[in-house]
Amino acid sequence: MPNVFGIVLAGGEGKRLMPLTADRAKPAVPFGGNYRLIDFALSNLVNGGFRQIVVLTQYKSHSLDRHIAITWRLSPLLGNYVTPVPAQMRRGPYWFSGSADAIYQNLNLLNDERPDYVAVFGADNIYRMDPRQMLEQHIATGASVTVAALRAPLAQADQFGVIEAAADGHTISAFREKPKDAVGLPDAPDQVYASMGNYLFTTDALMEAVTADAGADESSHDMGGNIVPMLVSSGAAHVYDFSRNVVPGESERDHGYWRDVGTIDAYFDSHMDLVSVDPVFNLYNMQWPILSWHEPLPPAKFVFDEESRRGHALDSMVCAGVVISGARARRSVLSPGVHLHSYAEVEDSVLMQGVEVERSAVVRRAILDKNVRVEPGASVGVDHALDRERGFTVSDGGVTVVGKGKVVPA
């Protein structure tokens, strides 16, 4: 197998996910009970055999650094590693000024490892992908860069970075940011290619491109906005159709699933995708597992089976350490260590680690960050005006978000 070096761009601030990103970088935001957003990108790379990976961090990176250090310890015996690399300010006292600048400031890593190819992946999307299949196309076409792309409706083209392909279907003829006059695909006039933010580079081409870009004062130093268009002009940029990627163990229903969870509503909706009876995204595919570290907690426990109170959860995901004590949960994700007390009701909600929902409290269509406590008889997500009055965030889609460690008063 060719020598591939992985770079995961994990410097995202995630302002649109506030307050979940008040104390952590976007890639460190918990997801699906047991995971963090970055676990999906790292699992895809590691499952695909790419096991020399650096994670470029920047904003509020402590919890992300700690998660990588605890969770992603690969065997050094075979030269495998996943390691966080903070902004090293090699060009002076400056943060990364864009994704291309992040790589330029870390070219020493490529000089040290001398890989044949470099996989540059984003850190905060929910999906499964076998990167080996993208690498095969990249090598076969002799491209300098291959960009992974989703097929999206033509009517939504102004929401994406759009890739226009030549007649051969894979050479990129133009890369345009949120165009109003996008052209449909040759084989599907009602669709466009939308960039996923995942790239495979031939190493020399990447190093030359980011070095040239670093000297361009007018550049925004962005991979999609500057580096790819630079290589498009030379005919060396190709597109990889993500819909052709076949992941071992996938079902017809979750084939090609990809979700950008950059907003509260998208983050909430992707959790609801997990708890449906036939999930749109299946976490139970053990042939391509999403990897993470799980605390050594006791099993989940359901107690009380009386007419007036019965501890149960329906259409929900319940993690280790959860206690449902005479309470009811429906269509919800209960993270490790959550405790629901007698007569409490939780519906259509995401509860993160250590959340305590006291007796007779009600939680509806809400996201409760770590260690939130809902007082006895209190409600959240029921009255949006009251939620806003108490300082909680309410999304455009009507999802209430309570920040880490807050108390919901009765």
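Positions within a chain are numbered from 1, following the residues in the order the chain's sequence is written. It should be noted that, the model being predicted, local features are given only for residues of pLDDT at least 70 and side-chain atom pairs only at 80 or more, the latter also being counted only at that level, while totals for whole chains, interfaces and linings use all residues. Only hydrogens and water are set aside; all other atoms, that is, all heavy atoms of the structure, feed into the side-chain values.

Participant: Teacher, can you tell me more about the overall build of the protein here?
Facilitator: In terms of regular secondary structure, the protein is built from nine helices and 30 strands. This radius of gyration counts C-alpha atoms alone. The globule rule is 2.2 Å times how many residues there are, raised to the power 0.38. Over its C-alpha atoms the protein spans a radius of gyration of 22 Å, differing by no more than 12% from the 22 Å that the globule rule assigns to 410 residues. For the protein, the C-alpha atoms occupy an extent of roughly 70 × 50 × 40 Å along the three principal directions. Sequence-distant contacts, at least 24 apart, represent 59% of the contacts inside the protein between residues at least 6 apart. Accessible surface area values rest on a Shrake-Rupley calculation with a 1.4 Å probe, where residue burial reflects the displayed protein chains alone. Accessible surface for the protein amounts to roughly 17,200 Å². Of this, 49% is attributable to carbon and sulfur atoms. Only four residue types enter the charge count, namely Lys and Arg as positive and Asp and Glu as negative; His and the chain termini do not. Charged groups are reduced to one reference atom each: NZ for lysine, CZ for arginine, CG for aspartic acid, CD for glutamic acid. Taken as two groups, the 36 positive and 49 negative side-chain charges of the protein have centres that lie 7 Å from each other. Helix and strand definitions here come from DSSP, where helices need a minimum of 4 consecutive H or I residues and strands a minimum of 2 consecutive E residues; each element is numbered from the N-terminal end. We call two residues contacting when some pair of their heavy atoms lies within 4.5 Å.

Participant: Would you mind showing me how to read the sheet that holds strand 14 (residues 301-303) here?
Facilitator: The strands that make up a sheet are held in pairs by hydrogen bonds between backbone atoms, and each pair lies either parallel or antiparallel. When DSSP finds at least two bridges between two strands, those strands are taken to pair. Here we have six strands laid out as an open sheet, ordered 14-17-20-23-26-30, and parallel in their pairing. Looking at strand neighbours, the two that pair on one side only are strand 14 and strand 30 (407-408), the edges of this open sheet. Judged from the two bridges that link them, strand 20 (residues 339-340) and strand 23 (residues 356-357) form a sheet pairing that is parallel. The partner of His339 across the bridge, within strand 23, is Glu356.

Participant: Sorry, what's going on with the pattern of salt bridges here?
Facilitator: Working definition: two side chains of opposite charge can pair if their charged atoms are close together. Salt bridges are defined as contacts in which a side-chain nitrogen from Lys or Arg sits within 4 Å of a carboxyl oxygen from Asp or Glu. Under the criterion given, the structure shown has 20 salt bridges. The salt bridge partner of Arg151 is Asp241, with a shortest N-O separation of 2.9 Å. Of the two residues, Arg151 sits in strand 8 (residues 145-153) while Asp241 sits in strand 12 (residues 237-241), which places them 90 residues apart along the sequence. Throughout this description, buried means an accessible area under 20% of the type-specific maximum (1.4 Å probe, protein chains only), exposed means over 50%, and partly exposed covers the range between. For Arg151, a relative accessible area of 28% gives the class partly exposed. Between Arg253 and Asp278 there is a salt bridge, with its nearest N and O atoms 3.6 Å apart. In this pair, Arg253 is assigned in the loop between strand 12 and strand 13 (258-260) and Asp278 in the loop between helix 8 (264-275) and strand 14, connecting sequence segments 25 residues apart. The class of Asp278 is partly exposed, set by a relative accessible area of 46%.

Participant: Would you mind going over helix 1 (residues 38-47) with me for this structure?
Facilitator: For an α-helix, the turn length of 3.6 residues means that residues three or four places apart are oriented alike. For helix 1, a buried count of ten out of ten residues is recorded, marking the element as mostly surrounded by other parts of the structure. Among all positions of helix 1, only Ile38, Asp39, Phe40, Ala41, Leu42, Ser43, Asn44, Leu45, Val46 and Asn47 are buried. Once helix 1 finishes, Gly49 follows within two positions and takes phi at roughly 90°, a positive value.

Participant: Got a minute to help me understand the pairing of strand 11 (residues 191-202) in this structure?
Facilitator: In terms of burial, strand 11 is a largely internal element, nine of the twelve residues being buried. Of the strand pairs in this sheet, strand 8 and strand 11 are connected by eight bridges, and their pairing is antiparallel. Bridge assignment links Ala149 to a residue of strand 11, and that residue is Ser195. Pairing of strand 9 (residues 161-165) with strand 11, which is carried by two bridges, proceeds in the antiparallel orientation. When the bridges of strand 11 are listed, Ile163 appears paired with Tyr193.

Participant: Quick question: what am I supposed to make of helix 2 (residues 62-71) here?
Facilitator: Buried within helix 2 we find Ser63, Leu64, His67, Ile68 and Thr71. Within helix 2, the buried residues cover an arc of 135° as seen down the axis, which keeps them to one side. In helix 2, the exposed positions angled more than 90 degrees off the buried face are occupied by His62 and Arg66. Check the buried side of helix 2 and you find it contacts strand 1 (4-10), strand 3 (35-36), helix 1, strand 4 (52-57) and strand 5 (81-85). In this context, the arc is that of the directions from the helix axis out to the C-beta atoms.

Participant: Hey, could you run me through the packing of aromatic side chains in this one?
Facilitator: For any pair of aromatic rings, the description consists of the separation of the ring centres together with the inter-plane angle of the planes. Each pair of aromatic rings taken from Phe, Tyr and Trp, with Trp reduced to its six-membered ring, is defined by centres within 6.5 Å and is described as stacked if the planes are under 30 degrees apart, edge-to-face if over 60, and tilted in the remaining cases. Inspection of every chain in the model, using the stated rule, returns seven aromatic pairs. Ring geometry for Phe40 and Phe281: centres 6.0 Å apart, planes at 55°, overall tilted. With Phe40 in helix 1 and Phe281 in the loop between helix 8 and strand 14, this residue pair connects regions lying 241 residues apart in the sequence. Relative to Phe242, the ring of Tyr127 lies with its centre 6.5 Å away and its plane at 75°, an arrangement referred to as edge-to-face.

Participant: In this structure, what is going on with the pairing of strand 12? I would like to understand it.
Facilitator: Consecutive residues of a regular strand have side chains that alternate between opposite faces of the sheet. With five of five residues buried, strand 12 lies mostly within the body of the structure. Here strand 12 shows two buried faces, one formed by Ala237, Val239 and Asp241 and the other by His238 and Tyr240. The sheet contact formed by strand 8 and strand 12 spans five bridges and is parallel. Considered in strand 12, the bridge of Thr146 is made with His238.

Participant: Before we go on, may I ask you to explain the sheet that holds strand 24 (residues 362-364) in this structure?
Facilitator: Here five strands make up an open sheet; going across it, the order is 15-18-21-24-27 and the pairing parallel. Each edge of the sheet is formed by a strand with only one pairing partner; in this case those strands are strand 15 (312-314) and strand 27 (379-380). Looking at chain direction, strand 15 and strand 18 (residues 328-330) are connected through three bridges and run parallel. Bridge pairing links Ala313 to Ala329 in strand 18.

Participant: Sorry, what's going on with the nonpolar core here?
Facilitator: A general trend in soluble globular proteins is that nonpolar side chains are found buried together. For our purposes a nonpolar core is just a set of buried Ala, Val, Leu, Ile, Met, Phe, Trp, Tyr and Cys residues, chained together by side-chain atoms within 4.5 Å. If you look at the biggest cluster of nonpolar residues, it comprises 39 residues, and the most contacted ones within it are Ile7, Leu56, Ile103, Val120, Phe201, Leu206 and Met223. Looking at this core element by element, the count peaks at five residues for helix 7 (residues 223-232). For Leu56, the contacting residues outside a window of four places in its chain are Ile7, Val8, Leu9, Ala10, Gly11, Val85, Phe96, Ala102, Ile103 and Asn106. Counting residues in hydrophobic clusters, the runner-up holds 32 residues, among them Leu42, Phe121, Leu150 and Leu200.

Participant: Would you take a moment to explain the side chain of Arg24 for this structure?
Facilitator: Along the chain, the position of Arg24 falls in the loop between strand 1 and strand 2 (30-31). At a separation of 2.7 Å, a polar atom in the side chain of Arg24 contacts the main-chain carbonyl oxygen of Leu20. Contacts described as polar in this section are N or O atom pairs within 3.5 Å, which, within protein, must combine one atom able to donate a hydrogen with one able to accept it, while residues neighboring in sequence count only if both atoms come from side chains. A polar atom in the side chain of Arg24 sits 3.0 Å from the side chain of Asp369.

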